[in-house]
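Topology and contacts: notes
Residue strings, one per chain:
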Amino acid sequence: MISPELKKVILTELNLDDFDLQDTTMAPEVPGWDSLNHVNIILAVEKSFNVKFKSYEVLRLKNVGDLQKLVDVKTGK
Amino acid sequence: MNTIHLDDSKTLWERWQRNAERNPDREAIVHWVAGEEPFRWSYKNLIGTAKKFSVRIKEAGIKKGDVCAIVMHHNPLFYPLYMGISRAGALPAVLAYPNPRLHPDKFRQGLEGMAQRSGLDYILTEKELDPVIRPLIEKPGSTIKSVFFPLEWDYNSDTDPEADAEIEKISLSVRETEPILLQHSSGTTGLQKPVVLSHRAILNHVLNLGGGYKLTEADKIVSWLPLYHDFGLIACFQIPLACGITTIQINPFEWVLAPILLLEAITKEKATLTCLPNFAYNVLAEKIHDDELSQINLESLRLLVNAAEPVRHDSHKKFIDKFEKYGLNPLSLAVMYGMAEVTLGLTVTDPGKPITELVVDRNELSRGVMKLADKDSVARVCVSSGKPLNGCEARIVDENRKDLADGLVGEVAVKSVSMFDGYRNYPEKTAEVVENGWYYSGDYGFKYNNEFFIIGRKKDLIIVAGKNIYPEDIEDVINQVEGVIPGRVISFGEEDEKMGTEQIAVIAETKSESEKEKNDLRMAILKAGMAMDINIHKVYLVPPRWLIKSSAGKPSRKANKERILSREDKQVWSR
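Residues numbered from 1 in each chain as written. Chains lettered and ligands numbered in written order. Predicted model: local features only at pLDDT ≥ 70, side-chain atom pairs only at ≥ 80, totals over all residues.

A look at the overall build of chain A
When you go through chain A residue by residue, the secondary structure sums to four helices and zero strands. Starting at the N terminus and ending at the C terminus, chain A contains elements arranged as α-α-α-α. The C-alpha radius of gyration of chain A comes to 11 Å, within 12% of the 11 Å expected for a compact globule of 77 residues. The principal-axis extents of the C-alpha atoms in chain A amount to approximately 30 × 25 × 20 Å. The contacts of chain A with a sequence gap of at least 6 include a subset with a gap of at least 24, amounting to 48%. (Helix = DSSP H or I, 4+ residues; strand = E, 2+ residues; numbered from the N terminus. Rg over C-alpha atoms; globule rule 2.2 N^0.38 Å. Contact = placed C-beta atoms within 7 Å.)

Laid out in structure tokens, this is it:
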């Protein structure tokens, strides 16, 4: 389940009003989420949740659900 | 330090084989995968496996002169396969593996366009693409003869010595003037321009660009660049292999997700040279946390070559500011200018020397005159692309292709001993751009103190992160979006200073009036771009008859881009 906070950060960074982000949603399915923008989204998530990801953690993310889990681990949820 | 040993080989295969005989145990390719031990090809093993692939190639029915498109992920077997195709006298053409967002129809359409233009004979790919590619092969009138899955082939067993001898004979029959490979310019719908290069062009380029880089036997070239791009294929694959030195190949898909991989590879392999498009300097400087860099040491790097998109002073400055404390020598930064039509490089700055930068008056420059800035000027920093390599010449010409004096802005015309033999099956396009042995590049620049400065483009090509994109491709697709007035769309590249590259913008006329309608239309435009693996960064919606027409009656990209970027029109909706 994608938290409203994470969804908001991603959609704001992508300049989208709404998009149905599910656990299984992958970056190429979301308008604007290309490889060039990926790094900006990750930095925006880090800033918003006040966490830092390691490069290899980012590399292992397959979908938005994985990103949510990583945020949860980092924020101690 | 030992300079590179370049023998009198007439073909690349001959050169590769001789390199393997001279230094069999030297590492040829270090295949880098994040978090794993790299796969290391020695020259001897690489050539041995390439020979086995060449036998399989012949058994598959592929003949000398056939064009073989390779569509594969980052895989250690790619390299011997590529070389095996070459040994069999066929022409490898590396194509991008389709991104998941690319619609299968669009991928097939792109392949079909290439097949019709370039005469692709075979596609060598991975099994998972079979359902996507098969319909294309089976389509009546298809020029593509078959699709093969070389990763499934047996390349471990010994091959029949007779078959091997036959291929050796074919290989020896290849002359230096015959083609070695085919490269495609960007584009997705048949606008690609296939560039065919001969063995001689590449071997000359190895000599001249290798000389420009001052390559020695001690050099190791590390790259994350995709091998379907000429910067990756020529600078980071063909040149090191032809010089008998080591290349470290990083997965491009992994690099964009974890840019630190390049720095790790430089540190661990003590790499000396790397090649980067401009945006990568921004990404490396700004998108990696300092606490991840504690183990990074860039002291081994003696040359970083910036090319493939406009070079920006700010990007170099950010990069030096960030990495000097990690051992980066600021004098290791260099710039190259070139194009696939001359194999790759045309000019390069002097390795180990400061790059010339001119602070010029922006307004005078837009009027076609380079004037050094004074206190009243709106300044622009122009970064030198250096001087022509040995065997290359460049001139700045006016619209009638007459020479312009130093300091005047005009089109860059180039000539090289590594010139292409024309676009394959495209004589009318070749005739447009080549005259009396000069290639008219469509790039704008000026010459000053024998150095060339590239400042813009005559053609409307968009370059996003080093990737060339034709606006026509985007406009064709957006024209079909419901709500857009057909034929009333233009696309252009909009500067993104933060990322150090251009981003794609679209201006479309529409009758939509409400905010909701416009937002829905923007989303439809973004999705249409996604289906062709194009990320549209900004959408400008304008009312009917807003777009300025050119004298040919079509909306003018240049005039409308200028109008939209003046940001003065309240009729424009943008997001």
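Some thoughts on the pairing of strand E26 (residues 501–510) of chain B
All names here are of chain B. Summarising burial for E26: nine of the 10 residues are buried, a large majority. In terms of strand pairing, strand E25 (residues 484–496) meets E26 through nine bridges, oriented antiparallel. Each bridged residue has a counterpart across the sheet, and for Glu495 the counterpart in E26 is Glu502. Between E25 and E26, which pair antiparallel and follow one another directly, the connecting turn spans four residues, one of which, Gly500, has a positive phi of 70°. Strand direction decides the pairing type here: E26 and strand E27 (residues 536–542), joined by six bridges, are parallel. Pairing of Ile507 across the sheet is with Tyr540, part of E27. The β-α-β motif built from E26, the intervening helix H16 (residues 515–531) and the parallel element E27 has right-handed crossover chirality. (Buried ≥ 20, exposed ≤ 12 C-beta atoms within 10 Å, placed from the backbone. Pairing = 2+ DSSP bridges. Right-handed = clockwise from strand over helix to strand, strands pointing away.)

Some thoughts on helix H4 (residues 64–74) of chain A
Residues and elements named next belong to chain A. Val64, Leu67, Gln68, Leu70 and Val71 are the residues of H4 that are buried. Viewed along the axis of H4, the buried residues span an arc of 160°, placing them on a single side of the element. For H4, the secondary structure elements touched by its buried residues are helix H1 (4–14), helix H2 (35–49) and helix H3 (55–59). One or two positions beyond H4, positive phi appears at Gly76, with a value near 75°. (Arc of directions from axis to C-beta.)

With respect to the interface of chain B and chain A
Contact residues are listed per partner, giving 23 residues for chain B and 18 residues for chain A. Mapped by element, the contributors of at least two residues to the side of chain B that touches chain A are helix H9 (252–257) and H16 of chain B. With five residues, H16(B) is the single largest residue contributor to the side of chain B that touches chain A. By residue class, the composition of the side of chain B that touches chain A is 12 nonpolar, five polar and six charged. (Nonpolar A, V, L, I, M, F, W, Y, C, P; charged D, E, K, R; others polar.)

Things to note about the packing of helix H4 (residues 104–118) of chain B against helix H5 (residues 130–138) of chain B
Residue and element names in this part refer to chain B. Following both chains from N to C, one finds H4 and H5 inclined at 45°, their axes separated by 10 Å at the closest point. Comparing the axis directions of H4 and H5 gives the class oblique. Viewed along their axes, H4 and H5 form a crossing whose handedness is right-handed. Facing H4, whose interface residues are Pro104, Phe107, Arg108, Leu111 and Glu112, H5 presents Val132, Pro135 and Leu136. Its residues placed into classes, the contact of H4 with H5 shows six nonpolar, no polar and two charged. (Axes fitted to C-alpha atoms, helices over the stretch in contact; angles between N-to-C directions. Parallel < 35°, antiparallel > 145°, perpendicular 65-115°, else oblique. Left-handed = near helix turned anticlockwise from the far one by under 90°.)

So, the environment of Trp13(B)
Residue and element names in this part refer to chain B. Examined against the element boundaries, Trp13 turns out to sit in helix H1 (residues 12–22). According to the C-beta neighbour criterion, Trp13 is buried, with 25 such atoms within 10 Å. Distance in space between the C-alpha atoms of Trp13 and Phe231 is 21 Å, their sequence separation being 218 residues. Apart from residues no more than four positions distant in its own chain, Trp13 is found in contact with Ser86, Arg87 and Ser171.

Brief notes about the packing of H1(A) against H2(A)
Residues and elements named next belong to chain A. With their axes 9 Å apart at the nearest point, H1 and H2 run at an angle of 135° to one another. With respect to H2, the axis of H1 lies oblique. Handedness of the H1/H2 crossing: right-handed. Where H1 approaches H2, its residues Leu6, Val9, Ile10 and Glu13 are matched on the opposing element by Asn40, Ile41, Ala44, Val45 and Ser48. Of the residues contributing to the contact of H1 with H2, the split by class is six nonpolar, two polar and one charged.

Some details on the environment of Tyr43(B)
All names here are of chain B. Mapped onto the secondary structure, Tyr43 falls in helix H2 (residues 43–59). In this structure the C-alpha to C-alpha distance between Tyr43 and Val283, which are 240 residues apart in sequence, comes to 33 Å. Among all residues touching Tyr43, those that are not within four sequence positions of it are Asn19, Ala20, Asn23, Pro24, Arg26 and Ala28.

What to know about the domain arrangement of chain B
Considered domain by domain, chain B is made up of domain 1 (12–257), domain 2 (356–457) and domain 3 (462–574). A separation of 28 Å is found between the C-alpha centroids of domain 2 of chain B and domain 3 of chain B. (Domains from an automatic or database assignment.)

Some remarks on the sheet that holds E25(B)
Strand order in this open sheet of four strands is E25-E26-E27-E28 (chain B), and the pairing throughout is mixed. Each end of this open sheet is capped by a strand with a single partner; those strands are E25 and strand E28 (573–574) of chain B.

Here we look at the pairing of strand E22 (residues 451–457) of chain B
Residues and elements named next belong to chain B. By the bridge criterion, six bridges tie strand E21 (residues 438–448) to E22 in an arrangement that is antiparallel. Within E22, the residue paired with Tyr448 across the bridge is Glu451. Where E21 hands over to E22, the hairpin turn is made up of two residues, of which Asn449 adopts a positive phi near 50°.

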